[in-house]
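# Working through the structure, step by step
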Amino acid sequence: MDHQPLSLSGVLVIDKPAGVTSARVVAQVKRVLGGPKVGHTGTLDPLATGVLPLCVGEATKIAGYLLAEDKGYEVELCLGVETDTLDAGGQVVRERPAEAAAVTREALAAALAAKVGASDQVPPMFSAIKHQGRRLHALARRGETVARAARHIHIYKLELLGFSPPRAQARVACSKGTYVRSLVADLGAALGCGAHVTALRRTRAGAFDLGLAVPLAEVTPERAAAALIPPAVALGELPAVALSGERLTAAQNGKPFSWDQISAEPPPAPDAPFRLLSPAADLVAICTTTPAGQIRYRRVFRP
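The paragraphs below set out a description of the structure included in this document. (Residues numbered from 1 in each chain as written. Predicted model: local features only at pLDDT ≥ 70, side-chain atom pairs only at ≥ 80, totals over all residues. Heavy atoms only, no water.)

## Brief notes about helix H9 (residues 245-252)
This is how the line gets drawn: For the exposure calls, accessible area comes from a 1.4 Å probe over protein chains only, and a residue counts as buried if that area is under 20% of its type's maximum, exposed if over 50%, partly exposed in between. Here a strand is any run of E in DSSP of at least two residues, a helix any run of H or I of at least four, and the numbering for each starts at the N terminus. As used here, the arc belongs to the directions running from the helix axis to the C-beta atoms. In what follows, residue pairs with any heavy atoms lying within 4.5 Å of each other are defined as contacts.
Taken together, the buried positions of H9 are occupied by Leu248, Ala250 and Ala251. Buried residues of H9, seen end-on, are gathered within an arc of 165° and therefore sit on one face of the element. Taken together, the buried residues of H9 touch strand S16 (274-277), strand S17 (283-289) and strand S18 (295-300). In the stretch just after H9, glycine 254 is the one whose phi turns positive, near 70°.

Written out as structure tokens, the structure reads:
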């Protein structure tokens, strides 16, 4: 039976298992669904599990608008052991069991609290960031280290869930681009004993949480179709204008018109994205306005 669903479009939230790459998840879902376009909205480490939103079909056009979302994690860490990858998948590079044994619950809680707020974080070498066209993790596996620019991040919440020395569990709410592995390594450095991630589960990526997720092993064309989140809903935080008649036809064909032809409200700030919707609330286009109030199409979606 041909399962290729040409009209299948939306965000499919996968509960990623440990031990597989995000690219492998994409390939498996694409194969199960019969070959539509599929792309992720940001990678999860192979060790990590949990929320991995995939854009399917026409919804691959909105992936860039979902990358900026905040994230939520539950992490388990081990004090007193450092690895080259900053997680349990790497080689041990230093052990300080005596220093780890001296860490109290109160000291750990205080160290976590000190990490809450805005800061600059240097990404780890074992990451998918590119340097001169090559992934950092590929360079790291060759024993190379290159300078990495720090990224501005924000830790909104860092809550201690459990502590059974030398292991601890914590809940993290953070901005995009935050590496929990680096956060844990910095925490270990602050405590004077080192630390690495032993388990990581992403519980939320923007508006997508585990309640929406389908386990990778349970993905079928039917299950995916039922679980797909329409593009218009996935981008629900963007302002929207509903169109009909001639303006709807014009937008579906990417033809120009001005903001004052579709709304009596003041236009959004130039380059601030908004949605154009059909009467059925389907996503027609993602647009911005020019300083002169003209509609500028960023993405147009087929009916």
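## Considering the state of the cysteines
Operational definition: Cysteine sulfur atoms are paired as a disulfide whenever they fall within 2.5 Å.
Per the stated rule, a full pass over the model turns up zero disulfides. For cysteine 55, which is in no disulfide, the shortest distance to another cysteine sulfur is to cysteine 287 and amounts to 18 Å. Classification of cysteine 55 by relative accessible area gives buried; the value is 1%.

## Examining the environment of tyrosine 73
Relative to the helices and strands, tyrosine 73 resides in strand S4 (residues 71-79). In this structure, the C-alpha to C-alpha distance between tyrosine 73 and alanine 170, residues 97 residues apart in sequence, is 8.3 Å. Sequence-distant contacts of tyrosine 73, defined by excluding residues within four places in its chain, comprise Leu44, Ala170, Arg171, Val172, Cys174, Val180, Leu200, Arg201, Arg202 and Thr203.

## Observations concerning the environment of leucine 191
With respect to the helices and strands, leucine 191 occurs in helix H6 (residues 180-191). Judged by relative accessible area, leucine 191 falls into the buried class, the value being 18%. Considering only alpha carbons, one finds leucine 191 and arginine 105, 86 residues apart in sequence, at a separation of 11 Å. Apart from residues lying up to four places away in sequence, leucine 191 is in contact with Leu79, Val103, Ala107, Leu108 and Ala111.

## What to know about the packing of aromatic side chains
Our working rule: For Phe, Tyr and Trp, rings pair up if their centres lie within 6.5 Å, where Trp contributes its six-membered ring, and each pair is then called stacked (planes under 30 degrees apart), edge-to-face (over 60) or tilted (otherwise).
The full count for this structure, using the stated rule, is two aromatic pairs. Consider the rings of phenylalanine 257 and tyrosine 297, whose centres lie 6.4 Å apart with planes at 85°: the pair is edge-to-face. Of the two residues, phenylalanine 257 sits in the loop between H9 and S16 while tyrosine 297 sits in strand S18, which places them 40 residues apart along the sequence. The exposure classification of phenylalanine 257 matches that of tyrosine 297, with both residues buried. Measuring from ring centre to ring centre gives 5.2 Å for tryptophan 259 and phenylalanine 274, while their planes differ by 80°; the resulting arrangement is edge-to-face. On the criterion of sequence distance, the pair formed by tryptophan 259 in the loop between H9 and S16 and phenylalanine 274 in strand S16 is long-range, its members being 15 residues apart.

## A word on helix H4 (residues 105-114)
Residues of H4 that are buried: Leu108, Ala111 and Leu112. One side of H4 holds all its buried residues, which, seen down the axis, span an arc of 100°. Turned more than 90 degrees from where H4 packs its buried face, Glu106, Ala113 and Ala114 sit exposed.

## Thoughts on the sheet that holds strand S15 (residues 240-242)
Counted only if it meets this: Between any two strands, at least two bridges found by DSSP are needed for them to pair. Axis definition: a line fitted to C-alpha atoms, limited for helices to the stretch in contact. Angles are taken between N-to-C directions and run from 0 to 180 degrees.
Strand order in the open sheet made by the four strands is S15-S16-S17-S18, with mixed pairing throughout. Of all the strands in the sheet, just S15 and S18 have a single pairing partner and so form its edges. Sheet twist, expressed as the mean angle between neighbouring strand axes with direction ignored, is 30°. Pairing geometry for S16 and S17, over four bridges, is antiparallel. Bridged to arginine 275 within S17 is isoleucine 286.

## Description of the pairing of S18
In this structure, S17 lies alongside S18, joined through five bridges in antiparallel fashion. By the bridge assignment for S18, cysteine 287 is matched with tyrosine 297. Two successive antiparallel strands, S17 and S18, enclose a turn made up of five residues, where glycine 293 displays a positive phi of approximately 90°.

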